[in-house]
Amino acid sequence: MEGEYKSVVFSGVPGSGKSTVVKIVAEKTGMPQLSLGDMWRKRWESSGSDKSFEAYWRDISREDNSAMTEKACQRVLDQAMIGDFRYVYPIHKQRVRKSSVEAGSIVLVFITADIDTRVSRAWNTEKYNNVRSVRELKKVLNNREQDEVRAGRLLFGPEYDYRDGRYYDLIFNSRHICPQHIAQAVMQAMKQPQDYL
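These numbers were taken from a predicted model, which means no experiment stands behind them. (Residues numbered from 1 in each chain as written. Predicted model: local features only at pLDDT ≥ 70, side-chain atom pairs only at ≥ 80, totals over all residues. Heavy atoms only, no water.)

*Asks:* Help me understand the pattern of salt bridges, please; the structure alone is not making it clear to me.
*Replies:* Pairing between side chains of opposite charge can happen when their charged atoms approach one another. In total, this model carries 13 salt bridges according to the counting rule given. When the shortest N-O distance is used, the salt bridge between Arg163 and Glu145 registers 2.9 Å. Of this pair, Arg163 sits in the loop between helix H7 (134-156) and strand S5 (170-173) while Glu145 sits in helix H7, and the two are 18 residues apart along the sequence. Here Glu145 falls in the buried class, since its relative accessible area comes to 8%. (Salt bridge = Lys/Arg side-chain N within 4 Å of Asp/Glu carboxyl O. Helix = DSSP H or I, 4+ residues; strand = E, 2+ residues; numbered from the N terminus. Buried < 20%, exposed > 50% of the residue type's maximum accessible area, 1.4 Å probe, protein only.)

As structure tokens, then:
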């Protein structure tokens, strides 16, 4: 595996197709996957909260969010896996400081798309089946994105924006490239980083 990357972490705006790409890469590589969003959803479901997931997530303390993010980042540093995260800053920070050899062996990928593309995809998913209109879904996705930017700034400082391309090795606009092709490019970059990164 010399010259190859052992893990890949995906980030992206809500509805960009990130989770779909993660599933494809996991199926094709057989690597285990770790979804920070799924970890939070399980916690929400077990809490018995009568709030929507979005409202629950918005109320998570800075300390809880930081601890969960750090724990997830450490897991992909410790073992080969696919991460489905929002915030890659802890890994990026270790790379910049060169404090971890493992941090340099992880491909960081960001997936984006315009809001109309994201709404059209999300409209038919189970995750948003309680949303009654396209207009409402657009508002939900925009609010979620802004909540995630705010949470990231609380966690990592006022200048941090998880959408900033400098934190990533590869950036894809999923409006222009399908999930299968994104997955294929990422897997190729993991095998031959000198050609991509």
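Okay, back to it.
*Asks:* Even after reading the chapter, I still don't get the sheet that holds strand S3 (residues 82-84), so can you show me in this structure?
*Replies:* Either a parallel or an antiparallel arrangement is found when strands of a sheet pair, and the pairing is made through backbone hydrogen bonds. As summarised here, the arrangement of the five strands in space is S2-S3-S1-S4-S5, forming an open sheet in which the pairing is parallel. Each edge of the open sheet carries a strand with a single partner, namely strand S2 (33-35) and S5. The mean angle between the axes of side-by-side strands here comes to 20°, regardless of whether they run parallel or antiparallel. Sheet analysis places S2 next to S3, joined by three bridges and oriented parallel. The residue bridging Ser35 from the neighbouring strand is Asp84, located in S3. Its contacts with the sheet place helix H5 (residues 89-97) against strand S1 (7-12) and strand S4 (106-112), and it is angled at close to 135° to S4. (Pairing = 2+ DSSP bridges. Axes fitted to C-alpha atoms, helices over the stretch in contact; angles between N-to-C directions. Contact = heavy atoms within 4.5 Å.)

*Asks:* Hey, could you run me through helix H4 (residues 62-78) in this one?
*Replies:* Residues lying three or four places apart along an α-helix face the same way, a consequence of the helix completing one turn every 3.6 residues. Helix length check: H4 (17 residues) gives 24 Å between terminal C-alpha atoms against 24 Å at 1.5 Å per residue, within 8%. Every buried residue of H4 is accounted for by Asn65, Met68, Thr69, Ala72, Cys73, Val76 and Leu77. (Expected span 1.5 Å × (residues − 1).)

*Asks:* Can you help me understand the packing of aromatic side chains in this one?
*Replies:* How two aromatic rings sit relative to each other is given by the distance of their centres and the angle of their planes. Applying the stated rule across the entire model yields eleven aromatic pairs. Ring plane angle 85° and centroid distance 5.8 Å describe the contact between Tyr89 and Tyr167, whose orientation is recorded as edge-to-face. Here Tyr167 lies in the loop between H7 and S5 and Tyr89 lies in helix H5, a separation of 78 residues in the sequence. Residue Tyr167 is classed as buried on the basis of its relative accessible area, which comes to 5%. Each residue in the set Tyr87, Tyr89, Phe110, Phe156, Tyr160, Tyr162, Tyr167 and Tyr168 is aromatic and connected to the rest through ring pairs, giving one cluster. Geometry around Phe53 places Arg41 over its ring, the cationic atom sitting 4.1 Å from the centre. (Phe/Tyr/Trp six-rings, centres within 6.5 Å; stacked < 30°, edge-to-face > 60°. Lys NZ or Arg CZ within 6 Å of the ring centre and 35° of its normal.)

*Asks:* Explain the nonpolar core to me, please; I cannot follow it from the model alone.
*Replies:* The tendency in soluble globular proteins is for nonpolar side chains to be buried side by side. Val9, Phe85, Tyr87 and Tyr162 are the most contacted members of the largest nonpolar core, which totals 31 residues. Those elements giving two or more residues to this core turn out to be helix H2 (36-47), helix H3 (53-58), H4, S4 and H7. Looking at this core element by element, the count peaks at five residues for H4. When neighbours within four sequence positions are excluded, Phe85 is seen to be in contact with Val9, Phe10, Ser11, Gly12, Lys18, Leu34, Leu36, Ala72, Cys73 and Val76. (Core = buried A, V, L, I, M, F, W, Y, C linked by side-chain atoms within 4.5 Å.)

*Asks:* When you look at the layout of surface pockets in this model, what are you seeing that I'm missing?
*Replies:* In this approach a probe as big as a water molecule rolls over the atoms, and the regions it shows empty are the leftover space. Size it by volume and the largest pocket reaches roughly 1300 Å³. Around the largest pocket sit 46 residues that line it, and Ser19, Arg41, Lys127, Tyr128 and Arg144 are the ones nearest its centre. Listed by contribution, the elements that provide at least two residues to the lining of the largest pocket are helix H1 (18-29), S2, H2, H3, helix H6 (115-122) and H7. It is H2 that provides the largest number of residues to the lining of the largest pocket, a total of seven residues. (1 Å grid on protein atoms, 1.4 Å probe; cavity = no way out; pocket = protein on both sides within 12 Å on 5 of 7 lines; lining within 4 Å. Points joined across faces, edges and corners; volume = space filled by probe spheres on them.)

*Asks:* I would appreciate a short explanation of the pairing of S1 in the present structure.
*Replies:* Regular strands place side chains that alternate from one sheet face to the opposite one. S1 sits mainly inside the fold: six of its six residues count as buried. Covered by surrounding structure in S1 are Ser7, Val9 and Ser11 together with Val8, Phe10 and Gly12, the residues of both alternating faces. Bridge count between S1 and S4: six bridges; the pairing is parallel. Of the residues in S4, the one forming a bridge with Phe10 is Val109. Note: S1 against S3, three bridges, orientation parallel.

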